[in-house]
Amino acid sequence: MHEAVNAPRFHHQWMPDVITFEPKGFSIELLTQLQEKGYKTNQEDSRIIGKVDAILRLPNGKLEGGADYRGDDKAVGF
């Protein structure tokens, strides 16, 4: 759960037609391939592209929490 919550993020919308990527989250090869296909990309340091906190129910019924490193959250249990 922790790995999924902390995965790199991107955001694409129509207006403006730009894909915003978190800095250092995606390979230069991927960004280059997208630019070669005509996509406009932005990888500047900017606002957070969403924060996520999540709970996963495991097959044994236990819960696993994940807190996003982008915020000041933490996953704890009782």
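Our subject in this report is the structure included herewith. Everything numeric in this text was worked out from a predicted model, so none of it was measured.

Enumeration over the complete set of coordinates arrives at three salt bridges. Here R9 ties to D68 by a salt bridge, and the two come within 3.0 Å at their closest N and O atoms. Of this pair, R9 sits in the loop between α1 (2-5) and β1 (10-13) while D68 sits in the segment after β5 (63-67), and the two are 59 residues apart along the sequence. D68 sits in the buried class, given a relative accessible area of 1%. Between D68 and R70 there is a salt bridge, with the nearest N and O atoms lying 2.6 Å from each other.

So, on to the pairing of β1. In the sheet, β1 pairs with strand β2 (residues 18-21) via four bridges, with the strands oriented antiparallel. Looking across to β2, one finds that H11 is bridged to T20. Here β1 folds back onto β2, and the loop between the two strands holds four residues.

Reading the values: the criteria
- Residues numbered from 1 in each chain as written.
- Predicted model: local features only at pLDDT ≥ 70, side-chain atom pairs only at ≥ 80, totals over all residues.
- Heavy atoms only, no water.
- Salt bridge = Lys/Arg side-chain N within 4 Å of Asp/Glu carboxyl O.
- Helix = DSSP H or I, 4+ residues; strand = E, 2+ residues; numbered from the N terminus.
- Buried < 20%, exposed > 50% of the residue type's maximum accessible area, 1.4 Å probe, protein only.
- Pairing = 2+ DSSP bridges.

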